[in-house]
Amino acid sequence: MAIRIGDNIAANVPLERNDLSWIVAKVIEIKDDGLSYVVKDEEEDKRYTVEAKMTRPFPGKGQSFEEGDQVLALWPLDSKSWTTLFYEAKVLQVLENGGRLRLSYSGDRNPKDAPTEKVLHKYPKKRTLSEERKMNGTPVQNSYKEQYDNRPAKKVKCLSVLDKKRFRAHSFKDEVAP
C-alpha cells in the first residue's frame, strides 16, 4: 500500500523524554523516495521526520483479531471521540462479527469496547507473499517466491560431531598465541 501526502498513518515518534510512542499523524511530505516521511501530529501541532519502517497504515485494513492478541489502541474520550495516542491493550473478546473488540488497556481495570478501525496489532502478524499481494491488489499467481518455496528440498550432508570438532580445531589452530 503506497502512502501518499495527506494520508493518516500510525507513526512511532519521540514524545516525552524522547520515549517513542505511537500516534495518529498526517503525512505532509515524502522524503528520500519514500524511505522517510514528515508527519504532523494533529493534536499537538508538531512535526516529526520518521523512517518508513517506523510507520504503519492507519486505519489498518484487512486486520483480524483474536482473543489474547496484544494490540495498540486509541483511547476513547467519549462515545464519538478518541485520542491520537495509541495505548497498549489486550483483546478480551471479539464482538459484532469482528467489527468491535473488548479491550483491557494496560493500567486500566475497566474493559472498554473499540471498533477495529481504532486498533493495530502491537506486533504486526507476518503475512505470506500471497496475502500481501491480495491486500495490495497485485496478481497472486506465478509468484517467484511461491515457486521457490514449493521446490523439492535438497539433501544436505551434515557434519558429524567428530568432524565438527576437527573443523573447529583446524579453524582456530593458527589464531592461538604460543
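Whatever comes next refers back to the structure up there.
Residues numbered from 1 in each chain as written. Predicted model: local features only at pLDDT ≥ 70, side-chain atom pairs only at ≥ 80, totals over all residues. Heavy atoms only, no water.

**Q** Explain the overall build of the chain here, please?
**A** On a plain count of helices and strands, the chain comes out with three helices and ten strands. Mapped from its N terminus to its C terminus, the chain presents α and β elements in the order β-β-β-β-β-β-β-β-β-β-α-α-α. A total of 178 residues make up the chain; the buried ones form 26% of that total. Sequence separation of at least 24 residues holds for 41% of the intrachain contacts in the chain that already meet a minimum separation of 6. (Helix = DSSP H or I, 4+ residues; strand = E, 2+ residues; numbered from the N terminus. Buried < 20%, exposed > 50% of the residue type's maximum accessible area, 1.4 Å probe, protein only. Contact = heavy atoms within 4.5 Å.)

**Q** Looking at this structure, how should I read the packing of aromatic side chains?
**A** Inspection of every chain in the model, using the stated rule, returns three aromatic pairs. Consider the rings of Trp75 and Tyr87, whose centres lie 5.7 Å apart with planes at 65°: the pair is edge-to-face. Of the two residues, Trp75 is situated in strand E6 (residues 70-76) and Tyr87 in strand E7 (residues 82-95); the sequence distance between them amounts to twelve residues. Overall, Trp75 belongs to the partly exposed group, its relative accessible area being 25%. Exposure remark for Tyr87: the relative accessible area of 33% places this residue in the partly exposed category. Here a set of aromatic residues connected by ring pairs shows up, and it is made of Trp75, Tyr87 and Tyr105. In this arrangement the basic side chain of Arg56 is found over the ring face of Trp22, its NZ or CZ atom lying 4.7 Å from the centre. (Phe/Tyr/Trp six-rings, centres within 6.5 Å; stacked < 30°, edge-to-face > 60°. Lys NZ or Arg CZ within 6 Å of the ring centre and 35° of its normal.)

**Q** Please clarify how the side chain of His121 should be interpreted in this entry.
**A** Assignment of secondary structure puts His121 in strand E10 (residues 119-121). Those residues in contact with His121 that sit more than four places away from it in its chain are Arg56, Gln63, Ser64, Phe65, Asp69, Gln70, Val71 and Leu72.

**Q** Please explain unusual backbone geometry as it appears in this structure.
**A** Leave glycine aside and you will find that most residues have negative phi; peptide bonds, for their part, are mostly trans. With an omega of 0°, the peptide bond between Phe58 and Pro59 qualifies as cis. Within the element layout of this structure, Pro59 appears in the loop between strand E5 (55-57) and E6. A positive phi angle, near 55°, is found at Asp45, a position not held by glycine. With a relative accessible area of 55%, Asp45 lands in the exposed category.

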